[in-house]
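Coordinate analysis (summary)
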Amino acid sequence: HVLSKLKDVEGLGDPLQFLHDVVDRLCGQDLQQSVGDSELSQSCGEAFRYAVGSDVASSDFMETLKAGGCEEKKVLNAFAAVLEGRRKDIRQALVNNASRIFPRYLKDFDWSVKTVVASDMLAEIGEPVLVLSLRLKNASGSENVVTLELNKSSAERLLGACASANKVLRQVTHD
């Protein structure tokens, strides 16, 4: 559906300016002469997000446009020029959007197992404890460390939750 809409750019007087306006809007810039929320501008924005987010080369992007019915050389050149000239801007917009959803991410982790041999309540315990240190990086670039101490049952629940999340991610990425 997106590809079939992109060939409509051929009917525009200045496809280069239109595509730059689409990217400006994608990057969050407020335009006085806005391209609006037309289906065409949304389709072009989706195409640019896909190309940059999937790290598609310009030549492959051009082939995809041709396969979708976009054949006018002026329009193909406009798409190529905007994609290459604004790739960094689009990537930054994608990162910013993802950062709003996930403002913090796991950068590194470290773990160790310790044995609790005694406590103030009991003379001897002998229970293993997982010490998990998570290094998180914030969207601002700052980092902080969160340390968890988990007994065996808590560690098993955490591993189960991680396995479930991994299963869902695999299903999403393979669909």
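Refer to the preceding data block for the structure.
Residues numbered from 1 in each chain as written. Predicted model: local features only at pLDDT ≥ 70, side-chain atom pairs only at ≥ 80, totals over all residues. Heavy atoms only, no water.

Attention now goes to the pairing of strand S3 (residues 143-150). Two faces belong to every sheet, and in a regular strand the side chains alternate between them. With 8 bridges joining them, strand S2 (residues 127-138) and S3 adopt antiparallel strand pairing. From the neighbouring strand, Leu-134 faces S3, where its bridge partner is Val-146. (Pairing = 2+ DSSP bridges. Helix = DSSP H or I, 4+ residues; strand = E, 2+ residues; numbered from the N terminus.)

In this section: helix H2 (residues 15-26). The end-to-end C-alpha distance of H2, which contains 12 residues, comes to 16 Å, matching closely the 16 Å that a straight helix rising 1.5 Å per residue would cover. Tucked inside the fold, the buried residues of H2 contact helix H3 (39-53) and helix H5 (73-101). Backbone geometry just downstream of H2 places Gly-28 in the positive-phi region, at approximately 90°. (Expected span 1.5 Å × (residues − 1). Contact = heavy atoms within 4.5 Å.)

Another aspect to go through is unusual backbone geometry. One non-glycine residue, Asp-55, adopts positive backbone phi at about 55°. Looking at the secondary structure, you find Asp-55 in the loop between H3 and helix H4 (58-67). With a relative accessible area of 55%, Asp-55 lands in the exposed category. (Buried < 20%, exposed > 50% of the residue type's maximum accessible area, 1.4 Å probe, protein only.)

Take the environment of Leu-148 next. When you line up the elements, Leu-148 lands in strand S3. Exposure remark for Leu-148: the relative accessible area of 31% places this residue in the partly exposed category. Taking C-alpha positions, Leu-148 is 9.8 Å from Val-129, a pair spaced 19 residues apart along the chain. When residues no more than four places from it in sequence are discounted, the contact partners of Leu-148 are Leu-130, Val-131, Leu-132 and Leu-134.

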